[in-house]
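# Per-entry structural report
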Amino acid sequence: MSTQRISAFIIGVCMALLVFESGVWAKSLSRPFAEQVFECVYRVVGADGDIATGFFVSCADSSGDASSLLVTARHVFDNVDGDTINVYLRKQNERNVYEVFAYPVPIRSGDTSLYISHPDSTVDLAVVAVPLPPGFTVRVANKALLADLSAFNRYEIAPGGPVHYLGYPRGYSSGEGDFPILRTGAAASYPIDPKRLFLIDGVVYEGNSGGLVYVDPPLGFNRQNRLEKPAAMIVGVLTTSIARRTDDSSSAEGDTREYLNLGGVTSSVRLLELLEIVGCR
């Protein structure tokens, strides 16, 4: 066999090993994770006009029946006046143009809350079951995309590591279809304990509450020196923006807070706890 043929054979074997060991090339043919996760996130608006963010997660009970749960920060539901909250769903018309509709979701019935909060009062998370209307293509995140404790350890999420978050800061959206705005920051806490709130260095405003936070690790070599691209995962829910009060009464819109470009994230580990309480399998 000629040297040229031997070289071609070796290159072919290496390429085959890369495909089977990492699946990188096959994955690159699918839509980027960022594009897909955009479609799971929606604007949430209370009766008083306050804006927040929410996203849907699929939930199957012990009988295997599937339902959709709207996930957001608990304070979003707690602070709403009245018994419903509007989720703005998207629908493509015959011209493939997105139309946006306010879809009322019951969150109370009299004095009874229909949403379920995490039993730990320090965990600012809540979910409510939403019967999705016919005629809408509502994207729902699979529960398997939520990073559990082992995933946190495996991903080695550390200070300075990039994180991405979606939401509606001060009510702004991406434009047509009312899709959220994607921003990128960095993990800012040390140590990062998935059982406790952790901080991200990123611009966060009112309206971002309830938005999902995810990581999308780059292509690299694992501990076995094999080239791979770990799957992107949802690692938490943005539940607070860090700000301090100021004495400037002339500030824009009467807001006397100084935002510190820090956000508080409740980890997906705590969300998984809540989904287990709800009965999601």
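Each remark here, short or long, concerns the structure printed above.
For clarity, every value in this text was computed on a predicted model and none was experimentally measured. Each chain carries its own residue numbering, running from 1 in the direction its sequence is written. Owing to the predicted nature of the model, reporting of local features is limited to residues with pLDDT of at least 70; listing and counting of side-chain atom pairs is limited to 80 or more, with chain, interface and lining totals taken over all residues. To obtain the side-chain values, all non-hydrogen atoms of the structure were used and water was disregarded.

## Brief notes about the overall build of the protein chain
Under the scheme used here, helices are H or I runs from DSSP no shorter than 4 residues and strands are E runs no shorter than 2 residues, and both carry numbers assigned from the N terminus. Across its full length, the protein chain carries six helices and 17 strands. For the exposure calls, accessible area comes from a 1.4 Å probe over protein chains only, and a residue counts as buried if that area is under 20% of its type's maximum, exposed if over 50%, partly exposed in between. For the protein chain, the residues scored as buried account for 42% of the 281 residues in total. In what follows, residue pairs with any heavy atoms lying within 4.5 Å of each other are defined as contacts. Pairs at least 24 residues apart make up 66% of the contacts formed inside the protein chain by residues separated by at least 6 positions. For the accessible areas, the method is Shrake-Rupley and the probe is 1.4 Å, while residue cover comes only from the protein chains on display. Carbon and sulfur atoms provide 53% of the accessible area of the protein chain, an area that totals close to 15000 Å².

## Things to note about the pattern of salt bridges
Within this document, salt bridges are pairs made up of a side-chain nitrogen of Lys or Arg and a carboxyl oxygen of Asp or Glu, the two lying within 4 Å of each other. Scanning the model with the defined rule gives seven salt bridges in all. Residue E94 is joined to R95 by a salt bridge in which the shortest nitrogen-to-oxygen separation is 3.7 Å. Taken together, the shared-partner salt bridges in this structure form one network comprising D120, K195, R270 and E273.

## Considering the environment of F179
Positionally, F179 belongs in the loop between strand 10 (162-167) and strand 11 (181-187). In this structure F179 comes out as buried when scored by relative accessible area, which is 13%. Sequence separation of F179 and C40 is 139 residues, and the distance between their C-alpha atoms is 9.3 Å.

## Digging into the sheet that holds strand 4 (residues 84-92)
The criterion for strand pairing is that DSSP finds at least two bridges linking the strands in question. Taking strand neighbours across the sheet as the criterion, the seven strands line up as 5-4-1-2-3-9-8 in an open arrangement whose pairing is antiparallel. Strands at the two margins of the open sheet, each flanked by one partner only, are strand 5 (98-106) and strand 8 (116-117). In the sheet, strand 1 (residues 41-45) pairs with strand 4 via three bridges, with the strands oriented antiparallel. Bridge pairing in strand 4 places V44 opposite V87. Note on geometry: axes are lines fitted to C-alpha atoms, helical ones only across the stretch in contact, with angles between N-to-C directions running from 0 to 180 degrees. Running over the sheet, helix 6 (residues 268-278) touches strand 2 (51-60), strand 3 (66-72), strand 8 and strand 9 (126-129) and is turned about 40° from strand 9.

## Observations concerning the nonpolar core
Generally speaking, soluble globular proteins have nonpolar side chains that are buried together. One finds F55, V71, V127, L166, L212, L271 and L275 to be the most contacted residues of the largest nonpolar core, which totals 28 residues. Mapped onto this core, the elements with two or more residues apiece are helix 3 (33-38), strand 2, strand 3, strand 13 (212-215), strand 16 (233-245) and helix 6. Of the residues forming this core, the biggest block, four residues, is contributed by helix 6. By nonpolar core is meant a set of buried Ala, Val, Leu, Ile, Met, Phe, Trp, Tyr and Cys residues that side-chain atoms within 4.5 Å join together.

## Regarding the packing of aromatic side chains
Two aromatic rings, drawn from Phe, Tyr or Trp (for Trp, its six-membered ring), form a pair once their centres lie within 6.5 Å of each other, and the interplanar angle then sorts them: stacked below 30 degrees, edge-to-face above 60, tilted otherwise. Scanning the entire structure with this criterion turns up six aromatic pairs. With a centroid separation of 4.9 Å and an interplanar angle of 35°, the aromatic rings of F77 and Y115 are classed as tilted. A residue pair is termed long-range when its members are at least 10 positions apart, and F77 in helix 4 (residues 74-78) and Y115 in the loop between strand 7 (112-113) and strand 8 qualify at 38 residues. Here F77 falls in the buried class, since its relative accessible area comes to 0%. Here the aromatic rings of F152 and F198 are separated by 6.4 Å at their centres, their planes lie at 75°, and the arrangement is edge-to-face. Taken together, the residues span a long stretch of sequence, with F152 in helix 5 (residues 149-155) and F198 in strand 12 (residues 198-201) at a distance of 46 residues. Accessibility assignment for this pair places F152 and F198 in one class, buried. The ring of F136 has K91 lying over it, and the distance from NZ or CZ to the ring centre is 5.4 Å. The criterion is that NZ of a Lys, or CZ of an Arg, lies within 6 Å of the ring centre and within 35 degrees of the ring normal, and then a charge sits over that ring.

## Some points on the side chain of E273
By the element assignment, E273 lies in helix 6. Contacts described as polar in this section are N or O atom pairs within 3.5 Å, which, within protein, must combine one atom able to donate a hydrogen with one able to accept it, while residues neighboring in sequence count only if both atoms come from side chains. A polar atom in the side chain of E273 sits 2.3 Å from the side chain of K195. Filtering out sequence-adjacent residues up to four positions away, E273 remains in contact with H118 and K195.

## Regarding helix 6
The buried count for helix 6 comes to eight of eleven residues, which makes it a mostly enclosed element. Among the residues making up helix 6, those that are buried are S268, V269, R270, L271, L272, E273, L274 and L275. Of the residues one or two after helix 6, G279 is the one with positive phi, at around 110°.

## Looking at the environment of P106
Within the secondary structure layout, P106 lies in strand 5. Along the backbone, P106 and T84 are 22 residues apart, and their C-alpha atoms lie at a distance of 4.3 Å. Setting aside residues no more than four positions away along its own chain, P106 makes contact with D83, T84, L114 and V128.

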